[in-house]
Structure formats: structure tokens, C-alpha cells
Amino acid sequence: MTVVVITYNDAARLPRAVDSLVHQSLRNLEIIVVDDASTDGTDRAVRDMPRVRYIRRRSNSGGCGAPRNAGMAAARAPYIMFLDSDDELPRHACKSLLAEIERTGADFVTGQISRLFEETGRTAPYYPSLFRRRRVVPGIAADPAMFFDGFSTNKLYRLDFLREHGLRFREDVLYEDHIFTAALYRAARLFAVVPWPVYLWHRAPGGDASISLRLGAIENARHRVVAAEAADRILRRGGLDCLVPERQHRFVTQDLRVYLNALPRFDAVWAKEFAAVVRPYLTALEPGVLDRAEPMVRVCAALILADRVDDLRVAARSLTGARAAPREALTRDGRTYWGREADPALDITAMRLAELPFTATRIRHEVTEASVKGSVLSLTIRTYDPFSVLDRHPSVAHLVFGPHRVRLSPHEHADGGYLLRADVDLSGANPRPFWWAGAHDPKVSFTRADGHTTGDRLLADPSMPPLTASTATHRVTVRPAGDSALLRTVWERRGPLRHVVPRLLALRRRIIGHPGYRNLKLRIYRGLIRVVPRRRDLVLFESDCGRGYTGHPRYVHEEVRRRKLPLRAVWSVSANRRNFPGDVTKVRRMSWRYLWTMARAGWWVDSHGMPLGFPKPPGTRYLQTWHGQGSKSVGLNSPDLRGDFPGPREEWRANVARWDALVSPSAEFERIFLPANEYSGPLLRYGSPRCDVLVRGDAAAVARARKRLEIGEGARILLYAPTYRDRAKLSGRSVRADLDRLAAELYPEWVLVLRTHPVERFAVPERLRHFVRPAGGYPEINDLILAADVLLTDYSSVMCDFAVTGKPIVLFADDWEEYRRAERGVHHDLPEIAPGPCVTTTDELVRVLRDLGPPPHGAPHTAPHTQSHAAWHARYAERYAAFRRMWCARETGEAAARVVDAFFAGAVVPRPSFARSLVAAILSPAFPDRRRRKRPVRKWAAR
């Protein structure tokens, strides 16, 4: 196998690229470095490189085509791959691609490109949807979306296939990849796609070294158009006229979009020249190509065709960065148009901007004047309200710098919208602690009387010169930033802070990140529990490792408070968590104070697991409530622990050994959970404390959820709560239902509340915010369960809780076989025991929801729907009842009370000190009622 590395004046980074080849797991590589007449000493750098054939061209070609052709001509192995000198190959790229091309017999194999942003170290896949599954494609006509994979570097080719079809790179065009891959796709009869990264594309700060990112030169755009025209001709000559629209769709979606994104950065002259360059190609597009584009790309293309350059510059700022709202919009006959004309080419209805809830609505703010005097920043802001949000929702306006807010007084502008003026003293507007340094984007927010707030960032003139202000601790630069030219404030420390704070922060990071830091905490904690006496009135509560005030611990705590038991509760809180009541005492998880609280507390109540490796103090009682029950594999059978690695498994066994009691919601839970965790201690068989409210109902919780999520009383709620996939955490891939399709079929009768798992990340597209309410951060899932009309889930344990309500449950199990065999694993055949229908497509889901019919006239949303949707319930009544017997038989609404009776038996208040008694006597005419301390409680429930 041959790898051709092309380079020009890149002697500093070339060794990194070659090193990634030398250390490939496939050892038998021919490495050819083709130097395009470098003048920076590249030839000297190559002399020190092992296993390298060096070819130096006599003159620079100005592009990548000529050096790649030279390397292809010199290659001697049957397979070839290309690498740019500023990039790398992952260690197993060559071996995995070679194995795939030999296994499949394909003409070439292509794999995922991973972009590495060097400034932050972050990586991101390029068009991951193209590489989601491993497959063999019988020609480009079978998968025309692969035109978006227009790179030559992420592919391994059969060299005889390239030579047989005369596939070479154009040497007179910068975007030779686009032409080459069009010819490649035309010629290939079979190609393979692999889902793993095979190419590491380095993105350096600034990006000027990359030809594809030199967007300021109009000649760059001209070369893109030439490459696109050449690619279209190749397809037509090859008899693939029907695929030309697909290739042009790639141009509109990708190539054109690159320049539109950057357009606000440049002046009107550049925009005029760019429009003149791309207009002929846009005019010649096949019918329907522009119709497939995103609405704002289609609007920009229409403005280019109409030579409306000033409007184009306004519209382009809606594409990236702030994704600003239009200045004006027209709503007519249920359609929404950009600007003032009902032109079909300017139709943006699909963006649903006119239907967004207040908290997601869009208002445009443009800074027309900005000045600095001393530490005071003065701004004049033109506000455009294209959807009349402020007219319909009287609100209070503020200019927001983090926690700092400046009240604004909007004045109506003669041409529509509002004019805002603000003077901000930056001395008191630091958005973070006084020692912080970094960038911040201020915004204008509007707050309604009900507390709901909407806000948008400010757009600045891209040509605005930077403004500088000084405070006692910082130098503040105010300037436009990013493609959309957002107004940004950059805070740089000055004075002693400039040198001291970075060193202190670096020292703190080294200490915290050092492997011995946790061991130090553990050693000190072990010493504390030997000498610090336990406080029998102190309870440490923790839910989901400190992520929230929720779950079983919350309801146990509230029962303790309701009874006014003589116990002091402290709640564990993980970093950056604010969804806790203001009247509970909190402690930062794993802080030194947290360890002190752990060591002193006489009681631990937890839902997941207190920090692993930290022993329970002698005399402390630990109640494990666990966070859910269901069919998924848990404990030692879960993917993280089922492997034969003694360290993690023994650590988990030690964790379980600390438990003094376990809440057991059902017999089926015991059958699965106890052996999976090797637990043999006491069980509290009283049901789930968090389900008590689901048994009783709570109209206030329903109203609270609807108000917070901005759901009107007439809309029905579909609660979508999928579980995560162990092999795809934080990927968003657990959201498998087609939300666009659901919105088109169900809105406005239904609103979907999306409750993703805490280890999942899914950003709801703005075009769906009229229909989808993201609720991953909603503090209490019980509110959502009570408010929902139907639950949609997959394999989540939430179905066991939801079944308590008697309301319909639908399972979306399109990956059932993969999940049970290769993913988490399960203990039941879910399609057989499910309390409702199991669907595998969104169309099936839509039919199921329509079969439900409307709820009974006047039925409150708080009421269980056991008697509603009669036909649906008749169909699934037997299975639903069996499911409830399996998981919900113990749910009587008294679990929290019975758990508190059992677990906190013997809780006493220490004798108060003389000083405390004296203060109590002064502040109150009577001492606390001592009879409460003698309240009888039931003893432990035996297993």
C-alpha cells in the first residue's frame, strides 16, 4: 500500500504527518513525499525521515493536483491513499481500510473524516450521517448523498482501477478534489463505506493555510464554481444526467453555504463580486435544486439571482453564529416570507419562526452606535421585531452581561421596531468572578410578567473598529466577532491579576488533576471517620450523583420535613447545578466540606452510589434507594462491569457492601437487581417513594409543567423519554423517532416534550421548537409524567413509573435486536410484555397516536386515562394490567412514609448545649416540643 504525502512550505508539520504513517499498525507501507517546490527547507527535513521516498517538483503548481498526480505515477503498491502534510492518519487507518477493500472487492473504500480544531483540541466528525453505518454501495446512484463526501484524502483506492479509468487530478483548478471524486463516483461500480475515522483533518487557528478557507479571495469562489461545472459535465458525459441535481444539491448545501456563512465578514464590494461569480451557475441549476435547500440558503440564492446585494448581506447573518431573525417578515395565508413580499422564493415557513414559544422566539438587535468613555460602554441598538412578539407579550427589557443587567427603555422607531440606548459601566459588568478572563457576548433580554424570558445577542457592524475600556482589574475590548459579527467583549486581566491569577489557576489545575489528589482526599477522609463522631441528626442526601433535587431521596427528604423529624438534611450538589430549592442546605460534591459532611453524617440516602472507594463511617446508616427498575441489565451485568476485570467489579462490590438497606419497589426488581449486584441485605418492600405522587396525582405539578414549558391547555402532551445507548453516549442518537415527521403530522393538536437521559446530548433544531419542548434539564420528571397524555419511550425504566398513572405507553423499538444483543442487554422480551404497542417506524407511531382518539370531553389532564381512549385500552388492557402487576403492585402512595418509618427508626436529637438552650429560650417563649422526639416509629422490615 502506498501513501502519497503532498507538501509545500510546510517543513514544521510534515514530520508529524509522516510520523503518523511510520507508526501505522500496517507496517508494509510505501511512503512517498511529493514536495511542490518548497522554499522553506523541506528537503532537509525529509532527509531525517525513515522509509520515505522523496520527489521534488521543479516549480510550484499552486494547487494539490500536480503533486498528487506525481505521487500516483510513482506508486508501486496495488493500493494508494493521499495525505496532506498538515494532517494525520489515525494509527489503524491503513490496516482497517486495506482489510475492508480486500474483504469487499470494492474499487475504493471511504471513511469518516475527523476534524481536529487545534485551538481547543476538540474533534468533530465531518458529515457523520454519511458514515453512520458500514456498507457496500453498488454505485453512486444507489446512495447519491455520498456526493457530499467530495474528499480524495479519506479514501483507499485500487491503483489499477484509477489507471484503467484514467482518473487523475486537474492541475489548473484549486478544488481538484471535487472534479476527481465526481469522476471517481461515475466510474466506480462498487465502493465501501466504513463508519470509523480514517483521516484526521487539522484545523489551525485562522485557517489561512488551507486553500478551502481562503474565502476573502474572490478567485477562490471562482475556482469552486469552475470545479462544480466540471463535475456536472463529467456526470453528464458518463450518462448520469439524473444525478446532476444531486451533485448540484451538494454545491448549494455545502459549497455555496461556506461563502454565505462568511459573507457578513466582508464589505459590500466583496459581496457584489461574489454574487456576480456564482449567479451564472445558480441560474443554470437543474429545476428543483434550490427548492431542496434550507429556507435561508434558498432566500440568499434568490437575492443573489435578483442582484439584491444589500438584502443579501442582511439575510446572510441568519445562517450562522447568532442565526439572527430577519429584520422584517410577512405572514399571509398561513405562510411566512422573508422581507415584505409574498415571494415563493423567500418563503421561510419551514423555519417556524412565527410559531415559536416566547422563550425561544427570535428578535433581531443591531448595534448602530458604540463608544467607550473611561469604563462606560455606550450602545445604541436598533431592535427589529419581525413577528410582533413584543406587541403580543408586554415585557421588561434588559441589556445582560452575565448576572449584570441594565434596564432598558425601548422607544418605537419611525420605520418600525424599537430603538434602545444603554450606558454600561464595565467596572461592575464582569460576567464572571473578578479574576476571570475570557470572551462574553452581551444580549438583550425581554421578561414577561410570568417570569419567562427571551433573549438574543447583538449584531455589530463588521467594519466596527475595536473599542477599549479599562476597569480596576481588566482591560476590556469590545469588537465584532465570528461570521455573523456578533458584539463581543473580551476581558483581559491587568495589574497584579495578569500574572498571579494564571499561575494560581494553573497550580490549581495541576493539583486537582494529579492522580494523588483524590488519594490524598481519601486518606484524609479515612482519618476523619476514625476520629470524628457521628451526628445522629445529620442526613446527607444525594440524587443522581448530585445532579438534582429529585428521585427517591427527594421524596424521602420531604417526608422527613413533613413530619418535622429532628434531622438536619444536607444535599450533595455537583458542579454547575442550580435546580435545587433555596431552602435546602447544599454542599459541593467531592469538595472538602462534602468529605467532612460524609464523615460526620449519621445517615446517607442516595439513588446511584456514594463516591466509590470511600468507606462508610462506623455507625452511619446508608439507604440505597436506586434510581429505577426495568428490564435493562444492571450492576455487574452492565456493559461497564460485565467484563472480566477484577478492579472495577471489586470496587462495585465494595460499594454495595456499604448499603444497610435497599428500597425494593417490586418482586421483579428483586429478581433482577439482587443477583446482579450480589446484594443480600435488608429490603424495604414498600414501593417507590417517588411514585407516591403519581398514585395520588398533583394538579399543581401539571400546571407547573405546562406553564414552564409554555404548553397551552388545549394541546395534548407526548412525553418522549428515550434511554441512552452505551456505545453512543453524548451523541444524540437515542432520539430515533423522526421529529420532523411527527411535527408535520401531530402539530398543533400535540406537543412533544423531549426528556433525554442525563448522559445524552441532543439539541432540538429551531425549526422544531414550535412542536418540541426540550426538557432534559427539567428538574422533576414526575411533573412531566403527570402532565403527559402519552409516554413514548424505548427501553427506559421510566415506563415502570409511568404505568402507575394508567395512561397509554408506546415503545419505539426500531433497534431492538441490536440493543438486546450488542448494546445494553435486557432480561425480558420487551415486545412481548410491553404495556402498549411497540413500533419501529415514525409512520407506525403516528397511526398509533391517531388511533387513541381525543380524550374524554372535559377530562382533566391530571386524571389517569384508565377510562379514556376506550378502544385503545380494550386492545392493551390485559397486557397493561400484567405489566402493572409485575412492576407496580407495591405502589400504594405510602412508600415514602413507610421507608421513613423503617429506616429512621431510632433517630434522636443530641442533647442541646447550654448556649443553644439559652439562645432558644431568648428567641422563643417555649422550648421545642420534646414529645416529637419520642414519636414511635416502626422497626426495620425484615427480608
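Residues numbered from 1 in each chain as written. Predicted model: local features only at pLDDT ≥ 70, side-chain atom pairs only at ≥ 80, totals over all residues. Heavy atoms only, no water.

### Concerning the pattern of salt bridges
Reasoning step 1: What the rule picks out here adds up to 70 salt bridges.
Reasoning step 2: Salt-bridge contacts for Asp 815 lead to Arg 736; the nearest nitrogen and oxygen are separated by 3.8 Å. One end of the pair, Asp 815, is in the loop between strand S35 (809-812) and helix H24 (816-821); the other, Arg 736, is in the loop between strand S31 (716-721) and helix H21 (739-746), with 79 residues separating them in the sequence.
Reasoning step 3: Owing to a relative accessible area of 29%, Arg 736 belongs among the partly exposed residues under this scheme. (Salt bridge = Lys/Arg side-chain N within 4 Å of Asp/Glu carboxyl O. Helix = DSSP H or I, 4+ residues; strand = E, 2+ residues; numbered from the N terminus. Buried < 20%, exposed > 50% of the residue type's maximum accessible area, 1.4 Å probe, protein only.)

### Observations regarding the packing of helix H7 (residues 218-237) against helix H8 (residues 244-262)
Reasoning step 1: Direction vectors running N to C along H7 and H8 enclose 170 degrees, while the axes themselves pass 10 Å from each other. In terms of orientation, H7 lies roughly antiparallel with respect to H8. Packed against H7, whose contacting residues are Asn 220, Ala 221, Arg 224, Val 225, Ala 228, Ala 231, Asp 232, Leu 235 and Arg 236, the element H8 presents Val 244, Arg 247, Gln 248, Phe 251, Asp 255, Val 258 and Tyr 259 at the interface.
Reasoning step 2: A class-by-class count of the residues in the contact of H7 with H8 yields nine nonpolar, two polar and five charged. (Axes fitted to C-alpha atoms, helices over the stretch in contact; angles between N-to-C directions. Parallel < 35°, antiparallel > 145°, perpendicular 65-115°, else oblique. Contact = heavy atoms within 4.5 Å. Nonpolar A, V, L, I, M, F, W, Y, C, P; charged D, E, K, R; others polar.)

### Details of the environment of Ala 788
Reasoning step 1: Within the secondary structure, Ala 788 is located in the loop between helix H22 (781-787) and strand S34 (790-793).
Reasoning step 2: The buried category is assigned to Ala 788, whose relative accessible area is 1%.
Reasoning step 3: In this structure, Ala 788 is in contact with Ile 717, Leu 719, Phe 802 and Lys 807, ignoring residues within four places of it in sequence.

### So, unusual backbone geometry
Reasoning step 1: Of note, the amide linkage connecting Tyr 747 to Pro 748 takes the cis form, showing an omega dihedral of 10 degrees.
Reasoning step 2: Its location among the elements puts Pro 748 in the loop between H21 and strand S32 (750-754).
Reasoning step 3: One non-glycine residue, Arg 323, adopts positive backbone phi at about 45 degrees.
Reasoning step 4: Residue position: Arg 323 is located in the loop between helix H11 (309-316) and strand S10 (329-332).

### Remarks on a positive patch on the surface
Reasoning step 1: Taken together, the side chains of Arg 27, Arg 51, Arg 91 and Lys 95 present a region of like positive charge at the surface.
Reasoning step 2: Here Lys 95 lies in helix H4 (residues 93-104).
Reasoning step 3: Judged by its relative accessible area of 47%, Lys 95 is partly exposed. (Patch = residues over 30% accessible without salt bridge, like charges linked within 9 Å, V, L, I, M, F, W, Y side chains within 5 Å. Areas by Shrake-Rupley, 256 points an atom, 1.4 Å probe, with all protein chains shown as cover. Lys, Arg positive; Asp, Glu negative; His and termini not counted. Charge placed at Lys NZ, Arg CZ, Asp CG, Glu CD.)

### Focus: the sheet that holds strand S26 (residues 585-588)
Reasoning step 1: Taken in spatial order, the seven strands line up as S26-S25-S24-S27-S28-S29-S30 in an open sheet, and their pairing is parallel. Unpaired on one side and paired on the other, S26 and strand S30 (683-684) mark the two borders of the sheet.
Reasoning step 2: Pairing between strand S25 (residues 568-573) and S26: four bridges, direction parallel. Residue pairing for S26: Ser 572 is matched across the bridge by Val 587.
Reasoning step 3: The sheet contacts of helix H16 (residues 592-600) involve strand S24 (535-542), S25, S26 and strand S27 (601-606), and relative to S24 the element is tilted by about 130 degrees. (Pairing = 2+ DSSP bridges.)

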